[in-house]
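The chain contents come next:
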Amino acid sequence: MAEPLMGIHHVTAIASDPQRNLDFYTGKLGLRLVKLTVNFDDPGTYHFYFGDELGTPGTILTFFPWPGARAGRAGTGQIGATAFSVPVNSLGFWRDHLARLDIDSTPETRFDQEVLVFADPDGMALELVGDSAVDSVPGWEGGPIPAEHAIRGFHSVTLWEADANVTDTILQKGLGFAAIDEAGERTRYHIAEPGIGTRVDVLHLPDTAPARGGAGTVHHVAWRTTDRDTQQEWQARVSARGLHVTDILDRQYFTSIYFREPGGVLFEIATDPPGFTFDETPESLGTSLRLPPWYEKQRPVIEQVLPKLQLPGREETRG
Ligand code: ZN
C-alpha cells in the first residue's frame with residue numbers, strides 16, 4: 001500500500017486574457033502571484049501560479065492564459081467547480097465584496113456548510129465555502145483582502161461524471177479516498193482529516209454532454225505526495241489498475257505524473273518539494289519571469305513573444 005495522498009496539491013485551468021486573469025485572482029480574490037513562468041510544453045504562453053503567501057500545496061491555482069482562447073464548455077469528464085475555503089464568519093464579507101465588484105454570487109447550503117457560487121471573468125465556476133476547519137489557519141497579511149477573511153486554500157473540486165461508479169472505484173479503491181456524505185447526485189469524498197484541500201465531490205450527471213476544454217475550464221487537478229519515492233509507488237499503483245500513467249516529469253517546483261481517471265478527468269500526482277522558493281526568496285515570489293534552465297537560453301525570444309503584463313502592486317510592465 002502506497003503512502004496516502006495528502007489532498008489537493010494544485011488545480012490548473014485555462015484562461016483567455018492574461019492581464020484580466022491576473023487582476024481578478026490577485027486584485028479581487030486576493031491570492032498572491034507566487035510564480036510567473038511559462039507553460040513548459042508551450043513556452044510562448046505564460047503559466048501563472050496563484051496561492052497563499054508561499055504557494056503552499058493545497059492553495060495553488062494555476063492558469064495557462066491564451067489571449068483570444070476559445071471558451072470551453074462545462075460538461076462531464078471535467079472538473080465542474082473549484083472551491084476555496086474561508087473562515088465560517090467570512091462569508092458575509094465575501095458576499096459584500098463580490099457585490100461591490102459587480103460579481104453575481106449565489107448562496108447555497110451543502111452538507112451543512114454555507115457556500116457562495118460565482119464565476120471568474122472567463123466563466124469558470126468558483127465557490128467559497130465557510131469551513132470551520134480553516135478558522136485557525138492564518139491568512140496572508142500582505143494581500144488586498146483583510147487577512148482575517150483571506151482565502152486559505154482549496155476546499156474541494158467537483159468532478160462532473162457521466163458514470164459516477166467508475167470514478168468511485170478509482171477514488172476509493174485506487175487512490176485511497178473515502179465516501180463520507182451523499183445528497184442527491186452529489187457524493188463527497190475525503191482523503192485526509194478536515195483541512196485545506198482534503199475534499200472532492202463527484203456529481204453524477206448521466207444526461208449531461210461531455211465537456212469541451214477551453215477558456216474558463218479546469219485542465220486538471222493534482223494530488224499531493226511526499227516525495228519522488230512515494231510518487232514512484234503511486235506511478236506503479238496507478239499503472240497496476242490498468243490506467244496509462246506518464247513518466248515522472250520535472251515541473252521545476254515539483255515533479256509530476258499524470259493519468260486520466262476512467263471518467264475522463266485528468267489527474268496529476270505532484271510532490272510537495274521543492275516548492276516555489278526553489279528559485280526566488282519568499283519576499284520576491286512572482287515579481288519576475290522565471291524560466292527553467294532548459295529555456296534560459298531562449299529568454300530574449302520568449303520575453304518578446306509573451307504579452308506585456310502589469311504585475312500586482314508594480315508600476316512598470318514586463319515582457
Ligand atoms: Zn499540474
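Parameters and conventions
- Residues numbered from 1 in each chain as written.
- Predicted model: local features only at pLDDT ≥ 70, side-chain atom pairs only at ≥ 80, totals over all residues.
- Heavy atoms only, no water.
- Helix = DSSP H or I, 4+ residues; strand = E, 2+ residues; numbered from the N terminus.
- Rg over C-alpha atoms; globule rule 2.2 N^0.38 Å.
- Buried < 20%, exposed > 50% of the residue type's maximum accessible area, 1.4 Å probe, protein only.
- Contact = heavy atoms within 4.5 Å.
- Areas by Shrake-Rupley, 256 points an atom, 1.4 Å probe, with all protein chains shown as cover.
- Lys, Arg positive; Asp, Glu negative; His and termini not counted.
- Charge placed at Lys NZ, Arg CZ, Asp CG, Glu CD.
- Pairing = 2+ DSSP bridges.
- Axes fitted to C-alpha atoms, helices over the stretch in contact; angles between N-to-C directions.
- Salt bridge = Lys/Arg side-chain N within 4 Å of Asp/Glu carboxyl O.

Visitor: I'd love a proper account of the overall build of the protein chain, names of residues and values included.
Guide: Within the protein chain one finds six helices and 18 strands. For 319 residues, the compact-globule estimate of 2.2 N^0.38 gives 20 Å, and the protein chain sits close to it at 19 Å. Projecting the C-alpha coordinates of the protein chain onto the three principal axes gives extents of approximately 50 × 45 × 35 Å. Counting across all 319 residues of the protein chain, residues that qualify as buried make up 54%. Considering only residue pairs separated by 6 or more positions, the protein chain has 66% of its internal contacts joining residues 24 or more positions apart. Total accessible area on the protein chain is roughly 13400 Å²; 50% of this is exposed by carbon and sulfur atoms. Charge-centre separation for the protein chain: the mean point of 27 positive side chains lies 5 Å from the mean point of 44 negative side chains.

Visitor: Any details on the sheet that holds strand β10 (residues 178-183)? Residues and values, ideally.
Guide: Strand order across the open sheet formed by eight strands is β6-β7-β8-β5-β9-β12-β11-β10, with mixed pairing between neighbours. Each having just a single partner strand, β6 (106-110) and β10 make up the two edges of the open sheet. Neighbour to neighbour, the strand axes of the sheet diverge by 25° on average, direction disregarded. With five bridges joining them, strand β5 (residues 78-86) and strand β8 (residues 125-130) adopt parallel strand pairing. Within the sheet, the bridge partner assigned to Val86 lies in β8 and is Gly130. Most of the contacts of helix α3 (residues 164-174) go to strand β12 (residues 199-204), to which it runs at about 160°, and overall it touches β9 (153-161), β10, β11 (186-190) and β12.

Visitor: For the pattern of salt bridges, give the residues involved together with the corresponding values.
Guide: Scanning the model with the defined rule gives 13 salt bridges in all. In this structure, Asp272 and Arg224 form a salt bridge, with 2.6 Å as the shortest nitrogen-oxygen distance. Note that Asp272 is positioned in the loop between β16 (266-271) and α5 (293-296) and Arg224 in strand β13 (residues 217-225), a separation of 48 residues in sequence. We classify Arg224 as buried; its relative accessible area is 18%. When salt bridges with common partners are traced through the structure, they connect Lys35, Asp279, Glu280 and Arg290 into a single cluster.

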